[in-house]
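So you can see what is in the structure, the chains are spelled out below.
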Amino acid sequence: MKVATAAQMREADSAAIHEYGISGVVLMENAGVEVVRRIEAVLEAVSDKKVCILAGTGNNGGDGYVIARHLANRDAKVKVYLFGERSAISGDAKTNLDIIFKMRLEILEIKENAGTREWNKLKIALNLTDCIVDSLLGTGFHGEITGNLAQAIDIINQSGKPVIAVDIPSGVNADTGQISGTAVKATHTVTFALPKPGLFMYPGAEYAGELTIADIGIPAAILSDNTIRQNIITLNLARALFPKRNPTAHKGVSGRVGVIAGSVGLSGAAAMASMGALRAGAGLVTLGIPAGLNAIMEIKLTEVMTAPLPETEKGGLSHESLSAIVEMTKDSNVLAVGPGLGREDETAATVRGIISTAQCPLVIDADGINALEGYTSILSDCIALPVMTPHPGELTRLTGLSILDINRDRMQVARRFAAEWGCILILKGAATVVAFPDGEIFINTTGNAGMATGGTGDVLTGIIAGLIAQGISSHDAAILGVFVHGFAGDMAAQSGMIGLVAGDLLNALPAAIQSIQYGVDW
Ligand SMILES: NC(=O)C1=CN([C@@H]2O[C@H](COP(=O)(O)OP(=O)(O)OC[C@H]3O[C@@H](n4cnc5c(N)ncnc54)[C@H](O)[C@@H]3O)[C@@H](O)[C@H]2O)[C@H](O)CC1
Ligand SMILES: [K+]
């Protein structure tokens, strides 16, 4: 499903009005009616119910005035609180404000100089109301929330009432999900036409509550325009990407994965990545590991084959291992490189040699990414578009950006470096973003905070490699892999999110894949 930025929504709005002749007041009417439908579902009925609508001075506020009218027509007891000067309201919003004035609905203006009396009236009303409608700010929000709006939002958030956010919770940046100061903590959000990235990126995703995407009559051709380059990964999208498994399949056709991972003290990463590939459905997995760890891995792993490789004195991969690894890539459908390799210079140089000469697609993670610090140009040597799976910390090393800069606009940062480096860049975190060199973005919708634990990144690397080995493109494997990974994490979290460990993801993978593919309840 496509996801539109605020600017793209404004363009869509304008195209509907100017190219198709659908007036803005019709779109606003449809928007308001859709919100009323949601309110009726939440309250079960609206007749005699008390609803407080807090409205701003833009079209988000305009939606609020439409909502007020339709609720009043359904015998709800409506109070409208207008934040700002009535004279500042224009266009379709003014049209609808004038209507409810003529209907003699109860409208209280909360002006800049609002005193204790107005604020107490608002607090009492919110304490007595059955539901609050947030139509203060929508996609037109920018900057900080201050003054009266900040005070109003705090009162909303302290009310303990059902809060229906119109289009987007006020104070959430539609494009990034960032909040500046405060934002409405909604129980439900009704967003119009297309969802916005800020409803899936954190912290915005935490403020949206239960999301409804409402059709307001904008022609589908406008909303499917390929200038809108963001998408969310939905269950249906993931389901369609799975490799098809032939009933006569044998391990040879399910693909061969090479994994180059591990060093002294970091053998678990190698095990997690290797098992992640098998659990994702790969037929055969061979783990190339520094020779000194081989015996341990033979004990630790059963289904994974191991290949002992020349090592340095400290037990990391030595440059003598390069030729054996390149040979390994000739017999592999994909090579995952990096988990737990360690930071020795000789190991990093060996990794760069692998990236430049591998004869199969690559999934580069962890110390494989760290080895590219100052060497990202060698990614263009890869024979296929490489998949990189950095978390923000690894991305800071390669880009010089701070973690704050990265998380402030995850989509754009991922998009920029996917294009600059020529790779599929999976920026892990909440929410994980998959970016392609052509600018297309996929935002993941599965996963939870319990997955912030050692080893889950290694499992993801294995899953993606395991999917590529089964014959789907790196493009599809990246999208499907992050969805499956988070879905397995959500299943594992059913037994407790905080105590979740990476091994629980591995154990949940078969059921997760089954559930995504066939909708088997879990
Ligand atoms: N096609 C559609 O998506 C439709 C969307 N509709 C609604 O319209 C809003 C967008 O309306 P717009 O007038 O562009 O912006 P807002 O109402 O969100 O806010 C603008 C309003 O707020 C003031 N403002 C902005 N930032 C701040 C701030 N930090 N502090 C205080 N005030 C701020 C600004 O000055 C303006 O006055 C969209 O979200 C939908 O709800 C249409 O109704 C239907 C079609
Ligand atoms: K809003």
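Rules of the game
- Residues numbered from 1 in each chain as written.
- Chains lettered and ligands numbered in written order.
- Predicted model: local features only at pLDDT ≥ 70, side-chain atom pairs only at ≥ 80, totals over all residues.
- Heavy atoms only, no water.
- Helix = DSSP H or I, 4+ residues; strand = E, 2+ residues; numbered from the N terminus.
- Rg over C-alpha atoms; globule rule 2.2 N^0.38 Å.
- Buried < 20%, exposed > 50% of the residue type's maximum accessible area, 1.4 Å probe, protein only.
- Contact = heavy atoms within 4.5 Å.
- Areas by Shrake-Rupley, 256 points an atom, 1.4 Å probe, with all protein chains shown as cover.
- Lys, Arg positive; Asp, Glu negative; His and termini not counted.
- Charge placed at Lys NZ, Arg CZ, Asp CG, Glu CD.
- Donors = N, O, S within 2.8 Å, 3.2 Å for Na, K, Ca; no water.
- Arc of directions from axis to C-beta.
- Near = heavy atom within 4 Å.
- Polar contact = N/O pair within 3.5 Å; in protein donor to acceptor, adjacent residues only side chain to side chain.
- Nonpolar A, V, L, I, M, F, W, Y, C, P; charged D, E, K, R; others polar.
- Axes fitted to C-alpha atoms, helices over the stretch in contact; angles between N-to-C directions.
- Left-handed = near helix turned anticlockwise from the far one by under 90°.
- Parallel < 35°, antiparallel > 145°, perpendicular 65-115°, else oblique.
- Domains from an automatic or database assignment.
- Salt bridge = Lys/Arg side-chain N within 4 Å of Asp/Glu carboxyl O.
- Phe/Tyr/Trp six-rings, centres within 6.5 Å; stacked < 30°, edge-to-face > 60°.
- Lys NZ or Arg CZ within 6 Å of the ring centre and 35° of its normal.
- Core = buried A, V, L, I, M, F, W, Y, C linked by side-chain atoms within 4.5 Å.

Draft legend 1. Seen up close, the overall build of the protein. Along the backbone of the protein there are 20 helices and 18 strands. Since a compact globule built from 522 residues should have a radius of gyration of about 24 Å, the 27 Å found for the protein is in line with a globular shape. Along the first, second and third principal axes, the C-alpha set of the protein runs to 85 × 45 × 45 Å. Counting the 522 residues in the protein, one finds 57% classified as buried. In the protein, of all internal contacts separated by at least 6 residues, the share reaching a separation of at least 24 is 71%. A total of about 20500 Å² of accessible surface is found on the protein, and carbon and sulfur atoms cover 51% of it. Side-chain charges of the protein comprise 39 positive and 52 negative groups, with the mean position of each set lying 7 Å from the other.

Draft legend 2. Spatial organisation of the coordination of the potassium ion (ligand 2). Note on the potassium ion (ligand 2): its protein donors are N60 (OD1), D134 (O), D134 (OD), L137 (O), V166 (O), I168 (O) and S170 (OG). The metal-donor distances range over 2.6 to 3.2 Å. Classification of V166 as buried rests on a relative accessible area of 0%.

Draft legend 3. Highlighting helix 12 (residues 322-330). Every buried residue of helix 12 is accounted for by I325, V326, M328 and T329. For helix 12, the buried positions fall inside an angular range of 155° around the axis, keeping them on one side. Along helix 12, the residues that are exposed and aim more than 90 degrees away from the buried face are S323 and K330. Tucked inside the fold, the buried residues of helix 12 contact strand 10 (256-260), strand 11 (284-290), strand 12 (305-309), strand 13 (334-337) and helix 13 (345-357).

Draft legend 4. Spotlight on the site of ligand 1. Neighbouring ligand 1 are 21 residues; D63, G138, H142, E144 and D167 lie closest to it. The separation between an oxygen atom of ligand 1 and a polar main-chain atom of G140 is 2.9 Å. Against a free-state accessible area of 870 Å², the protein chains account for coverage of 78% of ligand 1. Mapped onto the shell around ligand 1, the elements with two or more residues apiece are helix 1 (6-18), helix 2 (24-43) and helix 3 (59-73). Split into classes, the residues belonging to the shell around ligand 1 amount to 9 nonpolar, 8 polar and 4 charged.

Draft legend 5. A look at the packing of helix 12 against helix 13. It is at 10 Å that the axes of helix 12 and helix 13 come closest, and there the two elements cross at 30°. Between helix 12 and helix 13 lies a crossing of right-handed hand. Here L322, I325 and V326 of helix 12 lie close against helix 13, whose contacting residues are T350, G353, I354 and T357.

Draft legend 6. Fine view of the side chain of H485. With respect to the secondary-structure elements, H485 resides in helix 19 (residues 474-492). Since its relative accessible area comes to 10%, H485 is described here as buried. Discounting chain neighbours no more than four positions away, the residues touching H485 are M451, T456, V459, L460, I463 and L505.

Draft legend 7. Looking closely at the packing of helix 2 against helix 4 (residues 91-102). One can describe the packing of helix 2 onto helix 4 by two numbers: an axis separation of 9 Å at closest approach and a directional angle of 60°. For the element pair helix 2 / helix 4, the angle class is oblique. As helix 2 runs across helix 4, the sense of the crossing is right-handed. Counted together, G24, V25, M28 and E29 of helix 2 and D92, A93, T95 and N96 of helix 4 form the full contact between these two elements. Residues of the contact of helix 2 with helix 4, tallied by class, amount to 3 nonpolar, 3 polar and 2 charged.

Draft legend 8. Geometry of the domain arrangement of the protein. When cut into domains, the protein gives domain 1 (2-225) and domain 2 (235-241 + 250-518). Between the C-alpha centres of domain 1 and domain 2 the distance comes to 42 Å. Contact residues are listed per partner, giving 8 residues for domain 1 and 11 residues for domain 2. At the junction of domain 1 and domain 2, the tally comes to 0 salt bridges. Where domain 1 meets domain 2, there are 1 residue pair in polar contact (both at pLDDT 80 or more). Residues belonging to the side of domain 1 that touches domain 2 are distributed by class as follows: 4 nonpolar, 2 polar and 2 charged.

Draft legend 9. The arrangement of the packing of aromatic side chains in detail. Tallied over the full model, the rule gives 4 aromatic pairs. Consider the rings of F83 and W119, whose centres lie 6.2 Å apart with planes at 45°: the pair is tilted. Here the residue F83 occupies a position in strand 3 (residues 77-83), and W119 occupies one in helix 5 (residues 116-128), the gap between them amounting to 36 residues. With a relative accessible area of 6%, W119 lands in the buried category. Against the face of Y375 rests R352, its NZ or CZ located 3.8 Å from the ring centre.

Draft legend 10. Quick peek at the nonpolar core. If you look at the biggest cluster of nonpolar residues, it comprises 62 residues, and the most contacted ones within it are V257, L287 and V434. Sorting elements by how many residues they give to this core places helix 19 first, with 11 residues. Not counting the four nearest positions on each side in its chain, V257 is found in contact with A277, A282, L284, V285, T286, V334, A465, G466 and A469. By size, the runner-up hydrophobic cluster in this structure holds 52 residues, among which are L317, M328, A348 and I378.

Draft legend 11. The pattern of salt bridges, seen in detail. Under the defined criterion, the tally for this structure stands at 16 salt bridges. With a shortest N-O distance of 3.8 Å, E373 and R343 are connected by a salt bridge. Separated by 30 residues along the polypeptide, E373 in the loop between helix 14 (367-370) and strand 15 (387-388) and R343 in the loop between strand 13 and helix 13 bring together distant segments of the chain. Given a relative accessible area of 38%, E373 falls into the partly exposed group.

Draft legend 12. Local environment of unusual backbone geometry. Residue P203 is reached from Y202 by a cis peptide bond, and omega for that bond is 0°. Inspection of the secondary structure puts P203 in the loop between strand 7 (188-192) and helix 7 (204-208). Residues other than glycine seldom take positive phi values, yet R104 does so here, at roughly 60°. Inspection of the secondary structure puts R104 in the loop between helix 4 and strand 4 (106-110). R104 gets classed as exposed once you look at its relative accessible area, which sits at 75%.

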